[in-house]
Amino acid sequence: MKASFRPGGTRRQHAWIYLILPTLALLVIFFVAPLFSLFWSSIHVYVPGEGLKDVFTIAHYAKFVGDSFYLSVMFETLALGVGVTLATLILGYPLAYFVARTESRRRGLYLGLIIFPLFLNIVVRSFAWIVLLANRGLINDSLIQLGLVERPLRLLYNYFGVVVGMTHVFLPFMVLAVATTIQNINRDLEDAARSLGANRFQTFLRVTLPLSLPGVVAGSLLVFLQGITAFVTPRLLGGVTVKVISNLIYQEFMVTANWSFGAAMGFILLFATLILIVGYFRVFKMSAARA
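Everything in this summary refers to the structure shown in the same document. (Residues numbered from 1 in each chain as written. Predicted model: local features only at pLDDT ≥ 70, side-chain atom pairs only at ≥ 80, totals over all residues. Heavy atoms only, no water.)

### Points about the pattern of salt bridges
Right, so step 1: Taken as a whole and assessed by the stated rule, the structure comprises four salt bridges.
Right, so step 2: Among the ionic pairs, Arg-136 bridges to Asp-141, the shortest N-O distance being 3.4 Å.
Right, so step 3: Arg-136 sits in the exposed class, given a relative accessible area of 60%.
Right, so step 4: Judged by relative accessible area, which is 21%, Asp-141 ranks as partly exposed.
Right, so step 5: Residues Glu-190 and Arg-187 are paired through a salt bridge, measuring 3.6 Å at the closest nitrogen-oxygen approach. (Salt bridge = Lys/Arg side-chain N within 4 Å of Asp/Glu carboxyl O. Buried < 20%, exposed > 50% of the residue type's maximum accessible area, 1.4 Å probe, protein only.)

Here it is in structure tokens:
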């Protein structure tokens, strides 16, 4: 039996390569190349006014790892990301469940209200929290007038203010990720659990919650990654008290002009983030396998 030959068949089979070439080109030009340039800067000596010297060194990474100050800032940055993630999850899951279980006519309105803050500039939202949390802000003035406190509470320029502001900024991402997953859960599964004698809490605990975990994972990663790399909100609401890696990187690039050390800190944050993401996925897979 003779094999049939179709001219151009191989070309059609590999046509998808031509379709992704523009995207790959943009990715290489605007992401891979700058990332490689930043890494190249982190392993070379940088002299202000002269640029990079052709001297290979890992002193910038050793400086970060060997200094307890930078390690403590890294730990505080990761802890801040975890705290903001937990806060958005605690507040966002009930809200996402309510939106997902609302009638379709009102669901669009609620989703619009949740998404609306994203249209406002993050600087505007951060300054709004300054007005609310300041010593003579709306919250402290209200507490004093009600007689609940005698002196203003310190709600600003500390980790509390930063967590509150960042939770408000990143809450829509958690709600959208979880609500989408809950909305796609087959309601027949919940009805079947109730028909077998499970009450609403048992149905939620054994059916809805496990099936919504992919949305929880996606929302947690979105919030955590944005939280540990946030710059504006910690800068405005934390002041000089709250130190995060992003602020230190900014200082190294724009204040002290030590570009190589700033680039090294950026890559250390990147490596730490990748390690945490891999560990997070492994823990999630192990938990899912046991369940």
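Now that the structure has been shown, the text picks up again.
### A few points about the packing of helix 6 (residues 122-133) against helix 7 (residues 138-145)
Right, so step 1: Contact pair helix 6 / helix 7: the axes reach a minimum separation of 4 Å and the direction vectors enclose 20°. Accordingly, the angle class assigned to the pair helix 6 and helix 7 is roughly parallel. Packed against helix 6, whose contacting residues are Val-131, Leu-132 and Leu-133, the element helix 7 presents Leu-138, Ile-139 and Asn-140 at the interface.
Right, so step 2: Residues that form the contact of helix 6 with helix 7 fall into these classes: five nonpolar, one polar and no charged. (Axes fitted to C-alpha atoms, helices over the stretch in contact; angles between N-to-C directions. Helix = DSSP H or I, 4+ residues; strand = E, 2+ residues; numbered from the N terminus. Parallel < 35°, antiparallel > 145°, perpendicular 65-115°, else oblique. Contact = heavy atoms within 4.5 Å. Nonpolar A, V, L, I, M, F, W, Y, C, P; charged D, E, K, R; others polar.)

### A short note on helix 10 (residues 200-211)
Right, so step 1: With 12 residues, helix 10 should cover 16 Å at 1.5 Å per step; its first-to-last C-alpha distance of 15 Å lies within 8% of that length.
Right, so step 2: By the burial criterion, the buried members of helix 10 are Thr-203, Val-207 and Thr-208. Each buried residue of helix 10 lies within a common arc of 85° when the element is viewed along its axis, so the set occupies one face. Helix 10 presents Phe-201 and Arg-206 as exposed residues on the side facing more than 90 degrees away from its buried surface.
Right, so step 3: Packing partners of the buried residues in helix 10 comprise helix 4 (68-100) and helix 9 (187-195). (Expected span 1.5 Å × (residues − 1). Arc of directions from axis to C-beta.)

### Brief notes about the environment of Thr-233
Right, so step 1: Checked against the element boundaries, Thr-233 lands in helix 12 (residues 232-238).
Right, so step 2: Not counting residues within four places of it along the chain, the set of residues in contact with Thr-233 comprises Ile-122, Ser-126, Val-162, Gly-165, Met-166, Val-169 and Gly-238.
Right, so step 3: For Thr-233, the side chain forms a polar contact with the side chain of Ser-126, separated by 3.3 Å. (Polar contact = N/O pair within 3.5 Å; in protein donor to acceptor, adjacent residues only side chain to side chain.)

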